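# Fold and geometry: a report
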Amino acid sequence: MTVFFVGAGPGDPELLTLKAARIIAACPVCLYAGSLVPAEVVAGAPDGARVLDTAPMTLDETHAEIVAAHGRGEDVARVHSGDPSLYGAIAEQIRRLKADCIPYEIVPGVPAWAAAAAALGQELTIPEVAQSVVLTRMAMKSTAMPPGETLEAFGRTGATLAIHLGIRALREIERTLAPLYGADCPVAVVYRASWPDQQIIRGTLSDIHAKVRAAKITRTALVLVGPALGDRAAFPDSALYDGARPHVLRPRARE
């Protein structure tokens, strides 16, 4: 048997990959994070499948389900939100699988930051404005951040920041980033990207806290910060399609 760590995407069932849907439809056991993965995503599990919401379960309990399935020779779809490689809490699960010699495979999914960018209708990397995206999170009640991975350190780069678990730390985000980006730096908060109740709140570092508080959003939102989020008319075209700049697929410059 194999344990498949399946990236369910940000929420919209139509953003589930073909491979992910095929695996869910074939596995007799489906363990999904119900707090972030809608039931529609696992509705394609086969008739009679053991489908469990792992939100109220512990790591020991979910691993016990996997060990039991291994004993029966049944494949397991371990369904996580977004892409499993980012804050998927799969590292500790994989450690246990390796200790018990249980094979596994990772199936990537659409990450929340990509769905948020799509919802905003814009690119996160604008020529000569921002060419990097930093994926990070606030510590809050989660495990501590490594010493060198501070919001201030990332802010010094001037990159577009995609901040997870930051919706309740907007004051701290403002205090840390305003001296680096400016108080008028654009901020976008995307609540439940791609879900039917998705909300988008735009503002600046100086006013986003008040706007989010008025909207009563307290969880399940991604905070995006950076000058690339602004409504910019003045920036150069990318060199990618510049006819005056030949490259390997377009070897001759065009007048």
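Please read these numbers as outputs of a predicted model, since none were measured by experiment.

Here the focus is the overall build of the protein chain. Scanning the protein chain from terminus to terminus reveals 7 helices and 10 strands. Its C-alpha atoms give the protein chain principal-axis dimensions of roughly 60 × 50 × 35 Å. Looking at the protein chain residue by residue over its 255 residues, the buried ones come to 42%. In the protein chain, 66% of the contacts between residues at least 6 apart in sequence involve partners at least 24 apart. For the protein chain, the accessible surface area stands at approximately 13,700 Å², while carbon and sulfur atoms represent 53% of it. Looking at charge distribution, the protein chain has the averaged site of its 25 positive side-chain charges lying 4 Å from that of its 27 negative ones.

Taking strand neighbours across the sheet as the criterion, the 5 strands line up as 3-2-4-1-5 in an open arrangement whose pairing is parallel. Of all the strands in the sheet, just strand 3 (50–53) and strand 5 (104–107) have a single pairing partner and so form its edges. Here the strands of the sheet are splayed against their neighbours by 15° on average, with no regard to which way each runs. In this structure, strand 2 (residues 29–32) lies alongside strand 4 (residues 76–80), joined through 4 bridges in parallel fashion.

For Arg-137, the position within the fold is in strand 6 (residues 133–137). One buried charged residue, Arg-137, forms no salt bridge at all, with the nearest opposite charge on Glu-149 at 7.5 Å. Here Thr-143 takes part through its backbone oxygen, which lies 2.8 Å from a polar atom of the side chain of Arg-137. In this structure, Arg-137 is in contact with Tyr-87, Ser-142, Thr-143, Ala-144, Met-145, Ile-163, His-164 and Leu-165, ignoring residues within four places of it in sequence.

This part covers the packing of aromatic side chains. Summed over all chains, the structure comprises 1 aromatic pair. Positioned above the aromatic ring of Trp-195, the side-chain terminus of Arg-192 is 3.8 Å from the ring centre.

What counts, and where the lines are drawn
- Residues numbered from 1 in each chain as written.
- Predicted model: local features only at pLDDT ≥ 70, side-chain atom pairs only at ≥ 80, totals over all residues.
- Heavy atoms only, no water.
- Helix = DSSP H or I, 4+ residues; strand = E, 2+ residues; numbered from the N terminus.
- Buried < 20%, exposed > 50% of the residue type's maximum accessible area, 1.4 Å probe, protein only.
- Contact = heavy atoms within 4.5 Å.
- Areas by Shrake-Rupley, 256 points an atom, 1.4 Å probe, with all protein chains shown as cover.
- Lys, Arg positive; Asp, Glu negative; His and termini not counted.
- Charge placed at Lys NZ, Arg CZ, Asp CG, Glu CD.
- Pairing = 2+ DSSP bridges.
- Axes fitted to C-alpha atoms, helices over the stretch in contact; angles between N-to-C directions.
- Salt bridge = Lys/Arg side-chain N within 4 Å of Asp/Glu carboxyl O.
- Polar contact = N/O pair within 3.5 Å; in protein donor to acceptor, adjacent residues only side chain to side chain.
- Phe/Tyr/Trp six-rings, centres within 6.5 Å; stacked < 30°, edge-to-face > 60°.
- Lys NZ or Arg CZ within 6 Å of the ring centre and 35° of its normal.

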